[in-house]
Amino acid sequence: MRKRATAREVAEVAGVSKWTVIRAFTPGASITDVSRQKVLQAAEALNYSPNLLARSLATNTTHQVAVFVDDFANPHKLPVLEMLTERLQAEGLLTVLININRHFDHVHALINADQRQFDAVILFGTAFREETLGDRRLGPGLPPMFVLARDSQIPGVPAIACDTELALSEIVGYLFDKGYRRPGFMMGARTLSTALGRRRHFANHWRQKGIEGVVELTAEKYSVQAGAEAARVYLSDCPPGSRIDVLMCENDILALGAMDVARSEFGLRVPQDLAVVGFDNIELGGVPAYGLTSYEQPTEEMISVMVAMVTGKRNAEMVLLPGSLVPRASA
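Residues numbered from 1 in each chain as written. Predicted model: local features only at pLDDT ≥ 70, side-chain atom pairs only at ≥ 80, totals over all residues. Heavy atoms only, no water.

**A closer look at empty space enclosed by the protein**
On inspection of all chains with the given rule, the structure shows five cavities of 30 Å³ or more. Lining the second largest cavity are 10 residues, and of these Ala149, Arg150, Cys162, Thr164 and Arg198 lie nearest its centre. Tallied by class, residues from the lining of the second largest cavity come to five nonpolar, two polar and three charged. (1 Å grid on protein atoms, 1.4 Å probe; cavity = no way out; pocket = protein on both sides within 12 Å on 5 of 7 lines; lining within 4 Å. Points joined across faces, edges and corners; volume = space filled by probe spheres on them. Nonpolar A, V, L, I, M, F, W, Y, C, P; charged D, E, K, R; others polar.)

In structure tokens form, the structure reads like this:
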């Protein structure tokens, strides 16, 4: 195997110093166009590429960003991850995906991120709580943290998210104008649901319309099966004359499970007997078999803001962006 070319060898061929070679591959570094061109030509001839690990020791940056995820059942996650990693890579940043689970919790993940000296940590849809930061195993100087697509519950950790209150105001206003008056809300696991804030705003906006007591259904997790089971339990326990007339689900995947059970096991017509609304506007929800009314988050805008903060092009602060209601046949 051919030995990898070094910066010193490139410098000798180009007739410059080793530090000029390093500056040529450092964005924003001071170097003349003539010197840069000499270095690039020599580097191409020697098939040289800079050693990023060595550079990280000199600059105290690794150009690596950790993304924490703890919910992989939601199909909304994959396209967001695709867009996020693409944008980070365009900035020269490598994304490291960390699976938060029962064997590897947030504390372990943060210790790992600190040891690897990640430049930033993005909490994407994770149930992260402030008390986690007080764990004695965590040392000082953790990487900067950002919350994506959910409200932050941690002072000093900015969130970049869809404006939940505005979203639920639009959804409730739409449903009220359609004539629905017996609303229900299906949430996921309570620890995750609290961070989303959708249940709270849904109830508050119905209260402003003069309707109290939103019926609550709880799914164990965010999955089709969990949504189906939560709907099954409710419809089995509640007689037809006392049921809700519209069910808002915390995300689309729960809504699809609820729709399947309502139609196939209880013979209900959607939306005539039970209207259903989701959140996220996943591709499957838009197919004619479901025609799910949903709310689309401003994913592209959220990611643009996130990347700008991670790269230092924008101040780190909470940013809430408006999404858009997508009406379809289900409500």
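**Observations concerning the sheet that holds strand 8 (residues 246–249)**
In spatial order, the strands read 7-6-8-9; together these four strands make up an open sheet with parallel pairing. The sheet is open, and its two borders are formed by strand 7 (215–218) and strand 9 (275–277), each paired with just one other strand. Within the sheet, the average angular offset between the axes of one strand and its neighbour, ignoring direction, is 20°. (Pairing = 2+ DSSP bridges. Helix = DSSP H or I, 4+ residues; strand = E, 2+ residues; numbered from the N terminus. Axes fitted to C-alpha atoms, helices over the stretch in contact; angles between N-to-C directions.)

**Overview of the packing of helix 7 (residues 164–177) against helix 9 (residues 198–208)**
Where helix 7 meets helix 9, the axes come as close as 9 Å, and the angle between the chain directions of the two elements is 45°. Relative to helix 9, the element helix 7 is oriented oblique. Crossing hand, helix 7 versus helix 9: right-handed. Of the residues in helix 9, those touching helix 7 at Thr164, Glu165, Leu168, Ser169, Val172, Leu175 and Phe176 are Arg198, His201, Phe202, His205 and Trp206. Residues of the contact of helix 7 with helix 9, tallied by class, amount to six nonpolar, four polar and two charged. (Parallel < 35°, antiparallel > 145°, perpendicular 65-115°, else oblique. Left-handed = near helix turned anticlockwise from the far one by under 90°. Contact = heavy atoms within 4.5 Å.)

**Overview of the sheet that holds strand 3 (residues 120–124)**
Strand order in the open sheet made by the six strands is 2-1-3-4-5-11, with parallel pairing throughout. Looking at the sheet topology across the chains shown, the edges are occupied by strand 2 (94–99) and strand 11 (319–321). Strand-to-strand, the axes of this sheet are offset by a mean angle of 20°, without reference to chain direction. Across four bridges, strand 1 (residues 64–69) lies against strand 3 in parallel orientation. Residue pairing across strands places phenylalanine 68 opposite leucine 123, the latter belonging to strand 3.

**As for the side chain of threonine 95**
Residue placement: threonine 95 occurs in strand 2. Here threonine 95 is in contact with Val65, Val67, Thr85 and Leu88, once residues within four sequence places are set aside.

**Some words on the packing of aromatic side chains**
By the definition in use, this model includes four aromatic pairs. The ring of phenylalanine 124 carries the charged tip of lysine 77 above its face, separated from the ring centre by 5.2 Å. A cation over an aromatic ring shows up here: arginine 181 above the ring of phenylalanine 176, its NZ or CZ 3.7 Å from the ring centre. (Phe/Tyr/Trp six-rings, centres within 6.5 Å; stacked < 30°, edge-to-face > 60°. Lys NZ or Arg CZ within 6 Å of the ring centre and 35° of its normal.)

**Looking at the environment of arginine 181**
Within the secondary structure, arginine 181 sits in the loop between helix 7 and strand 6 (183–187). For arginine 181, the contacting residues outside a window of four places in its chain are Phe176, Ile211 and Asp245. Polar contacts involving the side chain of arginine 181 include one to the main-chain carbonyl oxygen of phenylalanine 176, which spans 2.8 Å. (Polar contact = N/O pair within 3.5 Å; in protein donor to acceptor, adjacent residues only side chain to side chain.)

**A closer look at the nonpolar core**
The biggest cluster of nonpolar side chains holds 29 residues, and the ones touching the most others in it are Met186, Leu247, Cys249, Leu274 and Val276. The element that contributes the greatest number of residues to this core is helix 11 (residues 252–264), accounting for eight residues. Ignoring any residue separated from it by four or fewer positions in sequence, one finds cysteine 249 in contact with Met186, Leu254, Ala255, Ala258, Val276, Val277, Gly278 and Phe279. Ranked by size, the runner-up nonpolar core spans 24 residues in total, among them Val65, Val305, Val310 and Leu321. (Core = buried A, V, L, I, M, F, W, Y, C linked by side-chain atoms within 4.5 Å. Buried < 20%, exposed > 50% of the residue type's maximum accessible area, 1.4 Å probe, protein only.)

**Considering the pairing of strand 3**
Every regular strand shows the same layout, with side chains that alternate between the two sheet faces. The buried fraction of strand 3 is high, at five of five residues. Where strand 3 and strand 4 (residues 145–148) come together, four bridges link them in parallel fashion. Residue pairing for strand 4: valine 121 is matched across the bridge by methionine 145.

**Digging into the packing of helix 1 (residues 7–14) against helix 3 (residues 33–46)**
Packing of helix 1 against helix 3 brings their axes to within 9 Å, and their N-to-C directions diverge by 120°. In terms of their interaxial angle, helix 1 and helix 3 are classed as oblique. Seen from above, helix 1 lies across helix 3 with right-handed handedness. Residues Glu9, Val10, Val13 and Ala14 of helix 1 touch helix 3, and the partners they reach there are Lys38, Val39, Ala42, Ala43 and Leu46. Of the residues belonging to the contact of helix 1 with helix 3, the class tally is seven nonpolar, no polar and two charged.

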